[in-house]
Amino acid sequence: MQLIQETADLSAYLAADEVIDHHHPMVRETAARLAAEAADSYVYARLAYEFVRDTVPHSADTGDPRVTWRASDVLARRTGICHAKAHALTALLRVEDIPTALCYQRLRDDEGEGHVLHGLIAVRFHGAWHRQDPRGNKPGVDARFSLTGERLAWTPAPAAGELDHPLLYAAAHPAVLDALRTAPDREALGRELPSAL
């Protein structure tokens, strides 16, 4: 699949905003700890990815009802759904000047009766974008950081109405962000998140 930048301005994929708040001390402190262990930006990106994937549990896996959406809150509370974890990883990468985009997939829901919108990211290295999924591994899910071929949590099945959205967003999609901001808990969020873009 060919990934398409929402904007040609690469600096948009380094920007901070209310969601990707990489100016926040929590983001900067976490990034500094990870950077101290990294020899270069590639190693840093892998460490940041593994940190978010492995130390910020996916709230659906743990049953945590809290809804997080701002990167600094995700890191402070150590919980979030896929979209929140993507926001946290984006902030950790952008603070170290690694262009990072938000991406989306349309997938079947766990009951197989409808669809959900799944959030992930793409990083830019060596003049190309590479999608990464920090959702968190569990039985049946084995996502890995890779620049040599995608190792995502899921591969969409077109016959089931699943698909990859090729657009690389510089900011969180407004419909996703609205649901995250207004949902009182994760159960309500599941009903309010869009199933398509």
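Residue positions are given per chain, counted from 1 along the sequence in the order it is written. At least 70 in pLDDT is required for a residue's local features to be given in this predicted model, at least 80 for side-chain atom pairs to be given and counted, and no such filter applies to totals for whole chains, interfaces and linings, which use all residues. Side-chain metrics rest on all non-hydrogen atoms present in the structure, leaving aside hydrogens and water.

Visitor: Quick question: what am I supposed to make of the packing of helix H1 (residues 25-35) against helix H2 (residues 41-55) here?
Guide: Packed helix pairs are characterised by how far apart their axes lie and by the angle those axes make with each other. To obtain each axis, a line is fitted to C-alpha atoms, and for helices this fit is confined to the stretch in contact; angles are then taken between N-to-C directions over 0 to 180 degrees. Numbering of helices and strands runs from the N terminus; a helix is a DSSP stretch of H or I covering at least four residues, while a strand is a stretch of E covering at least two. Contact geometry for H1 and H2: axes closest at 9 Å, N-to-C directions at 125°. The angle between H1 and H2 places the two elements in the oblique class. Pair H1 / H2 crosses with right-handed handedness. Of the residues in H2, those touching H1 at Thr 30, Ala 31, Leu 34 and Ala 35 are Tyr 44, Leu 47, Ala 48 and Phe 51. Broken down by class, the residue content of the contact of H1 with H2 amounts to seven nonpolar, one polar and no charged. Comment on the angle field: the value is read as roughly parallel under 35 degrees, roughly antiparallel over 145, roughly perpendicular from 65 to 115, and oblique elsewhere. Here is the rule for handedness: rotate from the far helix to the near one, and if that takes an anticlockwise turn smaller than a right angle the crossing is left-handed, while a clockwise turn gives right-handed. Two residues form a contact once any of their heavy atoms are found within 4.5 Å. Classification convention: Asp, Glu, Lys, Arg as charged; Ala, Val, Leu, Ile, Met, Phe, Trp, Tyr, Cys, Pro as nonpolar; all other residues, Gly among them, as polar.

Visitor: How should I be thinking about the sheet that holds strand S5 (residues 163-169) in this particular structure?
Guide: Strands in a sheet are paired, the pairing made by backbone hydrogen bonds, and the direction either parallel or antiparallel. For two strands to be treated as a pair, DSSP must find no fewer than two bridges joining them. Pairing in this open sheet of five strands is mixed, and the strands run S1-S5-S2-S3-S4 from one edge to the other. Strand pairing shows two members of the sheet lacking a second neighbour, strand S1 (4-5) and strand S4 (128-132), which therefore form its edges. In this structure, strand S2 (residues 100-108) lies alongside S5, joined through four bridges in antiparallel fashion. Note that in S5 the partner of Leu 102 across the bridge is Tyr 169.

Visitor: Before we go on, may I ask you to explain empty space enclosed by the protein in this structure?
Guide: With a probe scaled to a water molecule rolled over the atoms, the places where space remains empty come into view. Here a cavity means grid points, on a 1 Å grid over the protein atoms only, where a 1.4 Å probe fits yet cannot get out; a pocket means an open set of points with protein on both sides within 12 Å along at least five of seven lines; lining residues are those with an atom within 4 Å of a point. Grid points are joined across faces, edges and corners, and a volume is the space filled by probe spheres set on the points. What the rule picks out here adds up to one cavity of 30 Å³ or more. Of the pockets and cavities examined, the largest cavity occupies roughly 30 Å³. Around the largest cavity, the lining residues are Ser 59, Arg 66, Val 67, Thr 68, Gly 80, Ile 81, Leu 180, Arg 186 and Leu 189. When its residues are assigned to classes, the lining of the largest cavity shows four nonpolar, three polar and two charged.

Visitor: Help me understand the packing of aromatic side chains, please; the structure alone is not making it clear to me.
Guide: The geometry of an aromatic ring pair comes down to the distance between the two centres and the angle between the two planes. Any two rings among Phe, Tyr and Trp, with Trp reduced to its six-membered ring, count as a pair given centres within 6.5 Å; such a pair is stacked if its planes are under 30 degrees apart, edge-to-face if over 60, and tilted if neither. Applying the stated criterion to the full structure yields five aromatic pairs. On the numbers, 5.4 Å between centres and 75° between planes, the contact of Tyr 104 with Tyr 169 is edge-to-face. Placement of the pair is Tyr 104 in strand S2 and Tyr 169 in strand S5, with a sequence separation of 65 residues. Summary of the burial criterion: residues with accessible area below 20% of their type's maximum are buried, those above 50% are exposed, and those between are partly exposed, where the area comes from a 1.4 Å probe applied to protein chains only. Taking the relative accessible area as the measure of exposure, Tyr 104 reaches 2% and is therefore buried.

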